[in-house]
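Next come the chains, spelled out residue by residue.
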Amino acid sequence: MPFVELDTNLSAGRVPTGLEKRLCAATADILSKPEDRVNVTVRPGLAMAVNGSTEPCAQLLISSIGVVGTAEDNRGHSARFFEFLTKELNLDQDRIIIRFFPV
């Protein structure tokens, strides 16, 4: 059961409507898990700094059993999550941090 948390300093108005549902579907596809087992939380409007800058940014935290943890697995997952997030949030990759937590 993957748990996904998206933290961002983007205001709620700049976060696309329905992002949580699309992120849930993307996570299910990327991690090869059933969508009805994926849990997503989106938290906009946070006080955040990435690489010392408070310019628009996001942090994605992914916890799951058996599909995250190895560098090889995470590299492939990261590429696909970056692709999704850069399109959805209109952020460059250097403004997004992805953290994996094996359970």
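Preceding this section is the structure that the text describes.
Just so we're clear, the structure is a prediction, and the values are computed from it rather than from any experiment. The numbering scheme is per chain: residues are counted from 1 as the chain's sequence reads. Under the rules for a predicted model, residues below a pLDDT of 70 receive no local features and side-chain atom pairs below 80 are neither given nor counted, while totals for whole chains, interfaces and linings still include all residues. The side-chain figures draw on all heavy atoms in the structure; neither hydrogens nor water molecules are used.

Undergrad: What exactly am I supposed to notice about the packing of helix 1 (residues 19-31) against helix 2 (residues 71-89) here?
TA: Helix packing geometry: the angle between the two helix axes and the distance between the axes. A fitted line through C-alpha atoms represents every axis, and for helices the fit uses only the stretch in contact; the resulting angles, taken between N-to-C directions, go from 0 to 180 degrees. Secondary structure counts use DSSP, requiring at least four H or I residues in a row for a helix and at least two E residues in a row for a strand, with both numbered from the N terminus. Between helix 1 and helix 2, the shortest axis-to-axis distance is 10 Å and the interhelical angle comes to 160°. Classified by the angle their axes make, helix 1 and helix 2 are roughly antiparallel. In the crossing of helix 1 with helix 2, the sense of the turn from one axis to the other is right-handed. In this structure, helix 1 contributes Leu-19, Arg-22, Leu-23, Ala-26, Thr-27, Asp-29, Ile-30 and Leu-31 to the contact, and helix 2 contributes His-77, Arg-80, Phe-81, Phe-84, Glu-88 and Leu-89. Here roughly perpendicular refers to angles of 65 to 115 degrees, roughly parallel to angles under 35, roughly antiparallel to angles over 145, and oblique to all remaining angles. Crossings are assigned a handedness: left-handed for a near helix turned anticlockwise from the far helix by less than a right angle, right-handed for a clockwise turn. Contact criterion: two residues are considered in contact whenever any of their non-hydrogen atoms come within 4.5 Å of each other.

Undergrad: Sorry if this is basic, but what is going on with the pairing of strand 2 (residues 39-43) here?
TA: In the case of a regular strand, side chains alternate between the two sheet surfaces. Relative to strand 2, strand 1 (residues 3-8) runs parallel, the two sharing 5 bridges. Paired with Glu-5 across the bridge in strand 2 is Thr-41. We call a crossover right-handed when, viewed with both strands directed away from the observer, the connection leading from the first strand over the helix to the second proceeds clockwise. Considered for its hand, the β-α-β crossover made up of strand 1, helix 1 and strand 2 is right-handed. The criterion for strand pairing is that DSSP finds at least two bridges linking the strands in question.

Undergrad: Could you clarify how one ought to interpret the nonpolar core in this entry?
TA: Across soluble globular proteins, you tend to see nonpolar side chains buried next to one another. Leu-6, Leu-60, Ile-62, Phe-81, Leu-89 and Ile-98 are the most contacted members of the largest nonpolar core, which totals 23 residues. Those elements that place two or more of their residues in this core are strand 1, helix 1, strand 3 (58-64), helix 2 and strand 4 (96-102). Setting aside anything within four residues of it in sequence, one finds Phe-81 in contact with Leu-23, Thr-27, Ile-30, Leu-31, Leu-60, Ile-62 and Ile-98. Residues grouped as a nonpolar core are buried Ala, Val, Leu, Ile, Met, Phe, Trp, Tyr and Cys residues, joined through side-chain atoms within 4.5 Å. Accessible area is worked out with a 1.4 Å probe on protein chains only. A residue is then buried under 20% of its type maximum, exposed over 50%, and partly exposed in between.

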